[in-house]
Amino acid sequence: MAEKEYQFRIKSAISQLEKVRKWAAYIARALGFDERAVFEIELSTYEACANVIEHAYANNPNNYIDLKISVELDRLTVTIRDEGGAFEPASLKEKDIAKIIKTEQDGGLGMYIIEACMDEILYRRQAGRNILELIKYLPRAAPHS
Amino acid sequence: MPKELKINLSEKTPDGVHVFKVAGTLGVEGSAGIQGLLDACLKEKVYRIVLDLEDVDLISSAGMGAFLSAVGELRKKNGDIIFAKMQDRIMTVFRNLDVLDYFIVADDVAKAIDRFRGGELPRPLTIEELTAGSAAEAGAREAGPARALFSLLAAYADILGADAGLDRKLSQIVDVTANYLALSQCLFVPLNDGLGLEPAAARDAVPVLNERDRSVLADSLPAEKVSAVEKLPAIKKELADWAAKSDVRFLLPLGAGQKPVAALVVGGKKDGSPFTNEERRLLRYLQTSLELALECYLLSERAVGEPPGAKKKIERKLMEMETLFTVSRGLAEALETEKMLPTFLMMATGQFSTDRAVILLYTAGGGFEARAARGIDDDALPKLALPPEGLAELIAAQTGPALVDTLARTLEGRDRRQIQPFLDEGFAALAPMRFKNSLIGIVGLGAKISGRDFEADELRLLGALVDLAAVSIETARLLEKTRKNYAGLVRALISAIEAKDKFTRGHTERVTRYAAVLADEAGLDEDRRQNLLFGAVLHDVGYLGVPEEILRMPDGITEEQLAELRRHPLIGVNILKDIPFLKKAADAVRHHHENYDGSGYPDGLAGDDIPLIARIVAVVDTFDAITTDRRYRKANSKEEAVEEIRKNRGKQFDPAIADAFIRLVENGRLDVIKAKRPHREV
């Protein structure tokens, strides 16, 4: 059970991204993350939403993205849900920055940023929705193995 | 509304360096703008670009993508992009993406421009170097041998953990090692035909050994770890000749169980220099890693042709083994013993399906104390401490991890009692952690959750894991020692200040202790805590530059003298400016007289613009000043000090920090630190 939950719904438009990241940063800061972690959460949430807008919704601004930040004992989880096209699983695998640079595919870069900033990433497709969960452990709590 | 991206040409030097000031968000919103700028520069043949990013609050993958694609083009034209004045948060993006070695970053615009004239910033890596996977190595080499070693260990872990055949892994490892140590040669020799492997060589390797030589080698290899050739006790003559002729320095027997199934032949350094201790340590680590890789390989070979049940078991074991590479990767990344120990325990408990584990480390006092634990109450930890004789001796005498029950049966009389706490706390195995033949620690592992006993091969695996941890811990200690040397420098500075003014004697020490307690209360992360403590210790270092007669003034100094006195933060920063290690701590030195409402000095910063560590030092500094004797008055009470801080919360002090501090004082938490308390941090 989540101890606390914060929800937020945005239209799938680039102009909404600023609001999203301020929201995520505000909550993360209030939870006591240090500034670096706050920024990592902010940036990851931003990247994930930008991905959805650009890829899942193909830049059509008339859809919605549902965001949730939940806090449990040892972790913060940002959940991003959308009803757009399915995620390309290959983009979850690309981890080699040198390869990304060489082939200049910036699609992989966004995912790479999220991976570098968060502790865990979970993706599932459920009932026609993409559900992406980005997890960061709270300061001083060790992740469960 | 999202901030518009603004780009202005702020400077153009006679030699064609263009400085652009960028403000706003370099995300999906701004990437088109920056892309446009860079395209235009290329078109106009402007190849030397400095981007002042002071007012950029975010760079996303889109922005980074634009930089990455432009910088390649610019470098082809002998140009570059140099980034100046990045905020910490922007630095985080570069750091997390691991592209700091790829781009050039400068503190300020002047330095950035200088870079184009062959200034002092480090050379960026080429894309080829980055692709060859040597980025971490090359960058780290400059940052000191220990750090470089870690990046090499991480490289091993990556190679071993990759999804590739053993042949390929071995040749990569041999290659990386030979490269790193600049070896004349390095050769992997399978000694057992059943391995079905080809020898893998790097550099101008000796002619591959024939079968007879290989069997001689197999017979000559001792059971111990890394062996310098000249120290091999009874080396066969043929082998000795071969070793001498071919400049072989080390033979690493690779056991994968008990009997060596392969050996790593390590040649001399290309430049003929001797091996350092760190390099020998690296060989030891390499040996353990290779043994694990071989064991995985043999297990998977065995799985072929086994009945499904047995096969499944082997495959499960194999999967477990592979997570070991994750362990070594994790250790290599932790870099500090304080972070490494919990990482290790987390992985070990997961690996062996137990809920508890402990690491005891050798202490200056001669015994072993629990330094990290998982699944055990803090209260129980002191009971697990061991004196150097008795159980610790027995563990030291074991070849590898031993079962607690077995150890208990061996011990007699008084020594028997030492093992009781381990039995009480549900420990099943104890493993010696050795480094260079001396016992540096003991790892205890709890009974399995399933209730099953540890099997022999699991104990062996635990032994390998503990070996990895031992090397990592020793390497981390090396790093910490460097840091301690800085601490020595810091102490010297303190004595210099205190020699000048007897009233500051003890002041810095108390302020540092108060800051430490407050840091713990506020839950500062380790980096910031460290910077805060250094900052607290050094906050008054600038007094060194203030004339003594002003410091000694009994009372009532003139305006002019006051102005002189108030220069001490800036003087302090100047004293510390060349010590990279204290760069962040210098924030506290510069800003500890800033007031929260902006009325302080030297920069008149307000609110959150004052670095956090400086806001903390401001509170504890004032508290100590009020509660101790000054040259012109006697000490006031704690209550009076609290009243003063409360009165000034939100004016002089950050209200949150003032409140937290007052809470500490009122709960009596600061009284404790008047008692002598070891102060390990600095």
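Before reading on, note that the structure itself is shown above.
Counting starts from 1 at the beginning of each chain's written sequence and moves along it residue by residue. In the order they appear in the text, chains get letters beginning with A and ligands get numbers beginning with 1. Where totals are concerned, whole chains, interfaces and linings use all residues; where local detail is concerned, this predicted model gives features only for residues with pLDDT of at least 70, and gives and counts side-chain atom pairs only at 80 or more.

Caption draft 1: Local environment of the overall build of chain A. Numbered from the N terminus, helices here are DSSP runs of H or I no shorter than four residues, and strands are runs of E no shorter than two. A tally of helices and strands in chain A yields 5 helices and 5 strands. Reading the secondary structure of chain A in the N-to-C direction produces β-α-α-β-β-α-α-α-β-β. With 145 residues in all, chain A has 37% of them scored as buried. Here, residues touch in the contact sense if the C-beta positions derived from the backbone fall within 7 Å of one another. Within chain A, contacts between residues separated by at least 24 positions form 64% of all contacts whose residues are at least 6 apart in sequence. The exposure label follows from counting other C-beta atoms within 10 Å of a residue's C-beta, where the C-beta atoms are placed from the backbone and the thresholds are 20 or more for buried and 12 or fewer for exposed, leaving partly exposed in between.

Caption draft 2: The arrangement of the packing of helix α18 (residues 507–522) of chain B against helix α26 (residues 655–666) of chain B in detail. All names here are of chain B. Orientation is described by lines fitted to C-alpha atoms, with helices fitted over the stretch in contact, and by angles between N-to-C directions that extend from 0 to 180 degrees. Relative to each other, α18 and α26 sit at 110°, their axes nearing to 10 Å. Relative to α26, α18 is oriented roughly perpendicular. In the crossing of α18 with α26, the sense of the turn from one axis to the other is right-handed. Facing Val517, Leu518, Glu521 and Ala522 of α18, the residues of α26 in contact are Ala660, Phe661 and Leu664. The scheme is simple: roughly parallel for angles under 35 degrees, roughly antiparallel for over 145, roughly perpendicular for 65 to 115, oblique for anything else. Crossings are assigned a handedness: left-handed for a near helix turned anticlockwise from the far helix by less than a right angle, right-handed for a clockwise turn.

Caption draft 3: Geometry of the sheet that holds strand β4 (residues 80–84) of chain B. Residue and element names in this part refer to chain B. When DSSP finds two or more bridges between a pair of strands, those strands are recorded as paired. Spatial ordering of the open sheet is given by β1-β2-β3-β4-β5, a layout of 5 strands whose pairing is mixed. Of all the strands in the sheet, the pair left with one neighbour each is β1 (6–12) and β5 (104–106). Within this sheet the neighbouring strands show an average axis-to-axis angle of 30°, counted without direction. Summarising the sheet, β1 and strand β2 (residues 17–26) pair through 6 bridges and their orientation is antiparallel. The residue of β2 that forms the bridge with Lys12 is His18. This element, helix α1 (residues 28–43), spans β1, β2 and β3 (48–59) of the sheet and lies at about 165° to β2.

Caption draft 4: View of the sheet that holds strand β2 (residues 64–71) of chain A. Residue and element names in this part refer to chain A. The strand order across the open sheet formed by 5 strands is β1-β2-β3-β5-β4, and the pairing between neighbours is antiparallel. Of all strands in the sheet, those with a lone pairing partner are β1 (4–11) and β4 (120–126), marking the two edges. Neighbour to neighbour, the strand axes of the sheet diverge by 15° on average, direction disregarded. Two strands pair when backbone bridges link them, and β2 and strand β3 (residues 75–82) are joined in this way by 7 bridges, in the antiparallel orientation. Within the sheet, the bridge partner assigned to Asp66 lies in β3 and is Arg81. Across the sheet, helix α1 (residues 17–30) touches β1, β2 and β3, and the angle it forms with β1 is around 170°. The strands touched by helix α2 (residues 35–56) within the sheet are β2, β3 and β5 (129–137), with β3 carrying the most contacts at an inclination of about 15°.

Caption draft 5: Region of interest: helix α22 (residues 568–576) of chain B. Residue and element names in this part refer to chain B. Along α22, the positions that sit buried rather than exposed are His568, Pro569, Gly572 and Leu576. For α22, the arc enclosing every buried residue in end-on projection is 100°, short of the 170-degree limit, so these residues lie on one face. On its buried face, α22 sits against α19 (526–538), α21 (559–565) and α23 (585–591). Throughout, the arc means the angular range of directions from the helix axis out to the C-beta atoms.

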